[in-house]
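Residue strings, one per chain:
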Amino acid sequence: EASPGGSRDELRMRREVEEHRDIVFLEASEGYRMNSRKGLLFLRWIAMHSEAEFLLKVDDDVYFRPAPLLEQMRERPPA
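Engineer: Tell me what's going on with the overall build of the protein, and back it up with residues and numbers.
Structural biologist: Per the secondary structure count, the protein includes three helices and zero strands. Here the C-alpha radius of gyration of the protein, 16 Å, is well above what a compact globule of 79 residues would show, namely 12 Å. In terms of overall dimensions, the protein has C-alpha extents of about 50 × 30 × 25 Å along its principal axes. In the protein, which comprises 79 residues, the proportion classed as buried is 4%. Considering only residue pairs separated by 6 or more positions, the protein has 6% of its internal contacts joining residues 24 or more positions apart. Carbon and sulfur atoms make up 51% of the accessible area of the protein, which totals about 7700 Å². Separation between the mean location of the 13 positive side-chain charges and that of the 16 negative ones in the protein comes to 4 Å.

Cut-offs and rules
- Residues numbered from 1 in each chain as written.
- Predicted model: local features only at pLDDT ≥ 70, side-chain atom pairs only at ≥ 80, totals over all residues.
- Heavy atoms only, no water.
- Helix = DSSP H or I, 4+ residues; strand = E, 2+ residues; numbered from the N terminus.
- Rg over C-alpha atoms; globule rule 2.2 N^0.38 Å.
- Buried < 20%, exposed > 50% of the residue type's maximum accessible area, 1.4 Å probe, protein only.
- Contact = heavy atoms within 4.5 Å.
- Areas by Shrake-Rupley, 256 points an atom, 1.4 Å probe, with all protein chains shown as cover.
- Lys, Arg positive; Asp, Glu negative; His and termini not counted.
- Charge placed at Lys NZ, Arg CZ, Asp CG, Glu CD.

Laid out in structure tokens, this is it:
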């Protein structure tokens, strides 16, 4: 059910952002043809706002298996 301030999902996302600060919204159009631009915007944002040693980007259509990744991370130091 939508409310004047947005949909129920939008309100939940806003609360998530306010509480955990773990969601980033980038100004990019949706669609397959925009994937490159979205990827570049994401990397630019990370470069400007993060000091992480590792970066993992996973889309919602990817089956992610953390165990093999963690094994590789233990074997190789960050670049």
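Having seen the structure, we can now continue with the description.
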